[in-house]
Protein chains: 2
Amino acid sequence: MKIGWIGTGIMGFSMCKHLMDAGNKAIVFNRTQSKAQGLVELGAELAKTPAQVASSCDVLFTMVGYPSDVEQVYFGKDGIFEGLEEAKEKGEDAHTARILVDMTTTKPSLAVRIYEKAKELGCESLDAPVSGGDSGARNATLSIMVGGDASTLEKVKPLFDAMGKSVLLEGPAGAGQHTKMANQIQIAGTMVGMCEALAYSKAAGLDLKKMVATIAKGAAGCHSLDNLAPRVIRGDYEPGFIVEHFIKDMKIALEESRRMGLELKGLGLVESMYEELRDKGYGKAGTQALVKVIGDEF
Amino acid sequence: MKIGWIGTGIMGFSMCKHLMDAGNKAIVFNRTQSKAQGLVELGAELAKTPAQVASSCDVLFTMVGYPSDVEQVYFGKDGIFEGLEEAKEKGEDAHTARILVDMTTTKPSLAVRIYEKAKELGCESLDAPVSGGDSGARNATLSIMVGGDASTLEKVKPLFDAMGKSVLLEGPAGAGQHTKMANQIQIAGTMVGMCEALAYSKAAGLDLKKMVATIAKGAAGCHSLDNLAPRVIRGDYEPGFIVEHFIKDMKIALEESRRMGLELKGLGLVESMYEELRDKGYGKAGTQALVKVIGDEF
């Protein structure tokens, strides 16, 4: 199997490497070429454009940044669909990508557009955003939320299994992205609750470790309290997940919500608090830095 | 040991009964006398006033409703402190309460006032709010968050152990209440996240059970998602914890925050959403009913 990989940032790099380690050939593309260099040294071919990747592999994965990047990589000049169309015109289909998999967290509606355009060209596509962050990508323990056709997932499943420990079909095209949005909406609430509880407790003079240990066992218990509160307590704002990316995800969820006629007030507030945090210079910090716009004492 | 118990509502009734089952004598008071009847049938003495309870027991527990009720029961006419003062004047101190324990969730500043007044009268006091709800009270699995002196807690510990499975000293007078506030602040965030994620997912056409099963395992995981989301999905809005009581707690936390110069925007928003929910007629519903002010589809 020859895979194509577009987007070799911190996560994409590890994910592509797992597929190569599993015995697949690879052709890769990254806007900043130097970030793909490590994979080239491991034997990957380097492409000059997304179009070239599309016309030179069996299954193509994308893991880029913003929805505008996804749009560009698929629909733009020298993009994936241009590559597929050109190859089709020339009749070169031996190694033309038959399956397109976008693993970026992006707009569900964009996932549907990719699915439809792929179908038009005789290809299949999946949206497959992940959770688990850098360490999940590095350790192949990602949770992969898939939208699309079950028959397509079946073909790609062995490749997903090399990158993650949980692979679930959530529904038709876009459902993977929608599930990821639900995930981020829950986290927005959990994070504001955690950071406000910490700010309150610090102002009240409580022993923060004791407070967290007490409430984490009961109805207030959550992953954030277990994993991020201890970092806040020791003043560690290094990113598991960075503020700017969380803002991106929340903006997508808010936009989708409005499109569906829903007003998510909690999410709207948390997103605005994270923008305030970014504007204070914490855009590259971990999401736990939210305490810095709540209490003066952090 | 003879215990006094004021406030024999759903939780107080079970908690007092555990102490009686452990072999303690009891004298009880409740504003609505009929609610204490079951305990009288089990052998408890019935008092006519809180003052009478205070002058007829060794350790006195209170578990009432609102901060105004706590205020009334301790500082009001025929209240606990009046009873203690009168008994002192008469020299009747054989069975005068030496330790006062307020288990109501109430204002931390009120807990400090009780502590100071008790000290003035030669008594000790603890604030000891709980989490775990009706079922925790019934099954003696409450988590008890204690504020006050360690030496006082040591004396009362065997009684707490008959009611709960976790008893932790959080700090000086008021620290039990502050910890409970931190608990409610975290839950406010967790709940709005959960309910908005459910509303979003329903509007997006996702399979809600599948969505919850997917996100509950990762960074979005929380007690609410595990325990309350399944209730929302099957349309069950019966209370574990009722909306009106949660509003009471959030109002206390907001008031305390303002007093400390903190603005908790997340908590303020969630409190206002719960008020909207109460005004729609859901004051006695479980807190998971919050979805009803977010999506039209629940």
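Residues numbered from 1 in each chain as written. Chains lettered and ligands numbered in written order. Predicted model: local features only at pLDDT ≥ 70, side-chain atom pairs only at ≥ 80, totals over all residues. Heavy atoms only, no water.

### Some words on the interface of chain B and chain A
- Each partner contributes to the interface: chain B provides 55 residues, whereas chain A provides 55 residues.
- Looking at the side of chain B facing chain A, the largest losses of area belong to Gln186(B), Glu196(B) and Tyr200(B), adding up to 17% of the total buried there.
- Put simply, chain B and chain A have 2 salt bridges between them.
- A salt bridge links Lys265(A) to Glu276(B); its shortest N-O distance comes to 3.8 Å.
- Here chain B and chain A share 18 residue pairs in polar contact (both at pLDDT 80 or more) between them.
- Of all elements in the fold, only β8 (142-147), β9 (164-171), α9 (175-203), α10 (208-215), α11 (223-227), α13 (243-259) and α14 (265-282) of chain B reach the threshold of two or more residues within the side of chain B that touches chain A.
- Considering every element that reaches the side of chain B that touches chain A, the biggest residue donor is α9(B), with 20 residues.
- Split by residue class, the side of chain B that touches chain A holds 30 nonpolar, 18 polar and 7 charged. (Contact = heavy atoms within 4.5 Å. Buried area = accessible area lost by both parts, 1.4 Å probe. Salt bridge = Lys/Arg side-chain N within 4 Å of Asp/Glu carboxyl O. Polar contact = N/O pair within 3.5 Å; in protein donor to acceptor, adjacent residues only side chain to side chain. Helix = DSSP H or I, 4+ residues; strand = E, 2+ residues; numbered from the N terminus. Nonpolar A, V, L, I, M, F, W, Y, C, P; charged D, E, K, R; others polar.)

### Structural notes on the pattern of salt bridges
All names here are of chain A.
- What the rule picks out here adds up to 38 salt bridges over all chains.
- Asp-161 serves as the salt-bridge partner of Lys-157, at 3.1 Å between the closest nitrogen and oxygen. Taken together, the residues Lys-157 and Asp-161, both in helix α8 (residues 150-161) and 4 residues apart, mark about one turn of the helix.
- Given a relative accessible area of 30%, Lys-157 falls into the partly exposed group.
- Connected through shared salt-bridge partners, Lys-251, Glu-271, Glu-275, Arg-278 and Asp-279 make up one network. (Buried < 20%, exposed > 50% of the residue type's maximum accessible area, 1.4 Å probe, protein only.)

### A look at the pairing of strand β8 (residues 142-147) of chain A
Residues and elements named next belong to chain A.
- For β8, the buried fraction is high: 6 of the 6 residues fall into the buried class.
- Alternating residues of β8 divide into Leu-142, Ile-144 and Val-146 and Ser-143, Met-145 and Gly-147, and every residue in both groups is buried.
- Alignment of strand β7 (residues 130-131) against β8, held across 2 bridges, turns out to be antiparallel. In the sheet register, Ser-131 faces β8, and the bridge partner there is Ser-143.
- One ladder, built from 6 bridges, connects β8 with strand β9 (residues 164-171); its direction is parallel. By the bridge assignment, Gly-147 is partnered in β9 with Gly-171.
- Between the parallel elements β8 and β9, the chain passes through α8 in a crossover that is right-handed. (Pairing = 2+ DSSP bridges. Right-handed = clockwise from strand over helix to strand, strands pointing away.)

### Here's the deal with the relation of the copies chain B and chain A
- Aligned on chain A, chain B shows an RMSD of 0.0 Å; the corresponding rotation is 180° and the shift along the axis is 0.0 Å. With respect to symmetry, the two chain copies, as superposed, fit the operation of a two-fold axis.
- Take the interface residues of chain B: 100% of them recur as interface residues in chain A, which is what a same-surface contact looks like. (Least-squares fit on C-alpha atoms with pLDDT ≥ 70 in both.)

### Some details on the domain arrangement of chain A
Residues and elements named next belong to chain A.
- Domain boundaries in chain A define domain 1 (2-172) and domain 2 (179-293).
- Once you take the C-alpha centre of each, domain 1 and domain 2 turn out to be 30 Å apart.
- With both chains or domains summed, domain 1 and domain 2 bury close to 1100 Å², and 60% of this area falls on carbon and sulfur atoms.
- In this assembly, domain 1 and domain 2 are joined by 1 salt bridge.
- Lys-107 is the partner of Glu-255 in a salt bridge, and the nearest nitrogen-oxygen pair spans 3.3 Å.
- On inspection of domain 1 and its partner domain 2, the count reaches 6 residue pairs in polar contact (both at pLDDT 80 or more).
- Contributing elements (two or more residues each) for the side of domain 1 that touches domain 2: α6 (108-120) and β7. (Domains from an automatic or database assignment.)

### Observations regarding the packing of helix α9 (residues 175-203) of chain A against α10(B)
- Interaxial distance between α9(A) and α10(B) falls to 10 Å at its minimum, and their mutual angle equals 60°. One element, α9(A), and the other, α10(B), form an angle in the oblique class. You can see that α9(A) and α10(B) cross each other, and the crossing is right-handed. Contacts from Thr179(A), Ala182(A), Asn183(A) and Gln186(A) in α9(A) reach Met211(B), Thr214(B) and Ile215(B) in α10(B).
- Its residues assigned to classes, the contact of α9(A) with α10(B) shows 3 nonpolar, 4 polar and no charged. (Axes fitted to C-alpha atoms, helices over the stretch in contact; angles between N-to-C directions. Parallel < 35°, antiparallel > 145°, perpendicular 65-115°, else oblique. Left-handed = near helix turned anticlockwise from the far one by under 90°.)

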